[in-house]
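# Report on the structure
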Amino acid sequence: MITKVPTFLSGCLLVIMIGVAAQAQQLADPHFNSTVATPAYTKNYPRVLFDEAHNNVHTAAGPYKPFADLIFSDGYQLVVNRKPFTKASLATFKILVIANALGAEDVDEEGAERPAFTDEESDLVRDWVRAGGALLLIADDAPFSSAVEILAQRLEVDMGKGVTLDPANSDKGSKNAAFIVYSRDNHLLVDHSITRGRNDSERVNRIMTFVGQSLKGPEGSDAFLKLAESATDRLPGDPPKESPAAGRAQALAFKFGKGRVVVLGDAAMLSAQLTGSDNQPFGMNTPDVDNKQLALNIMHWLSGVLK
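Okay, so let's go over this structure.

## A word on helix α8 (residues 291–303)
With 13 residues, α8 extends 18 Å between its outermost C-alpha atoms, agreeing within 8% with the 18 Å of an ideal straight helix rising 1.5 Å per residue. Burial within α8 is extensive, with twelve of its 13 residues counted as buried. Taken as a whole, α8 has its buried residues at N291, Q293, L294, A295, L296, N297, I298, M299, H300, W301, L302 and S303. Backbone geometry just downstream of α8 places G304 in the positive-phi region, at approximately 95 degrees.

Structure below.
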């Protein structure tokens with residue numbers, strides 16, 4: 001996530017929306033290893049439409065370049081979308097990726113929380129998935145969650161909108177209650193074909209999220225990053241309000257008609273950025289996490305490599 005700087009004041013976590021100058025301090029890691037030893041596809045490359053038509057903060061040439069490079073190495077054909085969705089524009093693609101769409105050009109601009117997609121576009125995406133398409137929908141806490149809420153509702157997904165905190169399961173090195181660790185050891189990384197992969201080399205054991213929101217999926221959905229009983233959502237307001245997040249998740253996978261959907265409540269987990277004056281890794285490049293493999297496994301499940 002490139003739009004929030006977490007800090008502590010009197011023992012309380014504050015999440016601050018920052019402007020363009022601060023965003024410049026967080027860049028895609030140019031040294032991220034995007035190679036894939038054994039690509040999933042060496043022919044019949046699945047076409048992936050990467051949305052950039054809806055004021056998306058995470059672009060294929062920007063913060064999500066490592067993700068774009070990674071899936072290209074795995075054999076996916078990525079095409080950037082810069083126009084509103086139509087039935088024709090979706091028809092030739094297997095997977096649609098939407099990351100942090102907004103209702104305005106800048107996260108700090110008035111109206112950023114407005115719907116990023118029209119009702120017509122939301123209906124088109126829903127019907128396209130139902131007919132066999134696959135959607136990766138990624139949205140951080142407000143205003144991003146608010147901007148995609150209409151589309152999320154079409155898929156029966158509830159977005160928490162607040163910042164999700166869990167001091168009991170947070171990364172101790174960062175001292176940030178919003179950097180949540182999901183592992184086999186703490187039982188928050190749930191067994192699913194996405195977390196298992198195709199073999200032991202693709203099995204993920206430790207995932208970290210970075211200042212995201214909570215999610216609730218439709219009946220029958222699989223929460224593969226499950227929030228603990230100790231998790232809470234800090235909702236926007238003055239003062240902010242705390243709401244229990246137990247029973248919710250930061251990653252969902254479910255079948256929708258003939259199609260498939262993965263929804264993530266944190267965008268940074270699939271980025272690979274350098275942040276701060278000391279260029280700290282942030283995302284898939286963070287040491288001792290399996291976020292890179294998780295990104296591949298998500299794409300494998302959406303494209304049908306994983307059942």
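Resuming the write-up.
## Notes on the sheet that holds strand β14 (residues 232–235)
Within a sheet, each strand pairs with its neighbour through backbone hydrogen bonds, oriented either parallel or antiparallel. Pairing within the open sheet is antiparallel, and its three strands lie in the order β9-β14-β15. Across the chains shown, the open sheet's two edge strands, defined by having one partner strand only, are β9 (163–165) and β15 (241–244). Averaged over neighbouring strand pairs, the angle between their axes works out to 30 degrees when direction is ignored. As paired strands, β14 and β15 are joined by four bridges and run antiparallel to one another. Looking at β15, one finds that R234 is bridged to E242.

## Comments concerning the nonpolar core
Counting 48 residues, the largest nonpolar core has F67, L136, F224, V262, L264, L270 and I298 as the members making the most contacts within it. For this core, the element with the most residues is α8, which contributes seven residues. F67 has contacts with F50, V97, L136, L270, M284, A295 and M299, leaving out every residue within four places of it along the chain. Among the nonpolar cores identified, the runner-up in size contains 29 residues, and V129, L135, L137 and V263 belong to it.

## Things to note about the packing of helix α2 (residues 65–73) against α8
Where α2 contacts α8, the two axes come as close as 11 Å, and the packing angle between them is 60 degrees. Taken together, the axis directions place α2 and α8 in an arrangement best described as oblique. Helix-helix and strand crossings are classified by hand; for α2 and α8 the assignment is right-handed. Seen from α2, the contacting residues are F67, L70 and I71; seen from α8, they are K292, A295, L296 and M299.

## Section: the pattern of salt bridges
Inspection of the entire model under this criterion finds 15 salt bridges. With a closest N to O distance of 3.5 Å, R126 and D123 form a salt bridge. Linking R126 with D123, this pair stays in helix α4 (residues 119–130), spanning three residues, or about one helical turn. The partly exposed category is assigned to D123, whose relative accessible area is 24%. As a salt-bridge pair, R248 and D158 come within 2.8 Å of each other at their nearest N and O atoms. With a gap of 90 residues between them, R248 in the loop between β15 and β16 (249–256) and D158 in strand β8 (residues 158–159) connect regions that are remote in the sequence. Looking at D158, the relative accessible area reads 38%, which means it is partly exposed.

## Quick look at the environment of I150
Position of I150 relative to the elements: it lies in helix α6 (residues 149–154). Placed 13 residues apart in sequence, I150 and V163 show a C-alpha to C-alpha distance of 20 Å. Setting aside residues up to four positions removed in sequence, I150 forms contacts with P115, F117, D119 and S122.

## Regarding the sheet that holds strand β19 (residues 280–283)
One open sheet holds the three strands; their spatial order is β3-β18-β19, and the pairing between them is antiparallel. One side of each edge strand has no neighbouring strand; the edge strands of this open sheet are β3 (27–28) and β19.

## Details of unusual backbone geometry
Here A142 and P143 are connected by a cis peptide whose omega angle stands at 10 degrees. You can see P143 is positioned in the loop between β7 (134–138) and α5 (144–147). Note that the residue after D238, namely P239, is joined by a cis bond; omega there is 5 degrees. Of note, P239 is situated in the loop between β14 and β15. In this structure, K161 takes a positive phi of about 75 degrees despite not being glycine. Mapped onto the secondary structure, K161 falls in the loop between β8 and β9. Residue classification places K161 among the partly exposed positions, given a relative accessible area of 25%. In this structure, H187 is a non-glycine residue whose phi angle is positive, near 65 degrees. Checked against the element boundaries, H187 lands in the loop between β10 (179–183) and α7 (193–196). For H187, a relative accessible area of 58% corresponds to the exposed category.

Definitions and limits used
Residues numbered from 1 in each chain as written. Predicted model: local features only at pLDDT ≥ 70, side-chain atom pairs only at ≥ 80, totals over all residues. Heavy atoms only, no water. Helix = DSSP H or I, 4+ residues; strand = E, 2+ residues; numbered from the N terminus. Expected span 1.5 Å × (residues − 1). Buried < 20%, exposed > 50% of the residue type's maximum accessible area, 1.4 Å probe, protein only. Pairing = 2+ DSSP bridges. Axes fitted to C-alpha atoms, helices over the stretch in contact; angles between N-to-C directions. Core = buried A, V, L, I, M, F, W, Y, C linked by side-chain atoms within 4.5 Å. Contact = heavy atoms within 4.5 Å. Parallel < 35°, antiparallel > 145°, perpendicular 65-115°, else oblique. Left-handed = near helix turned anticlockwise from the far one by under 90°. Salt bridge = Lys/Arg side-chain N within 4 Å of Asp/Glu carboxyl O.

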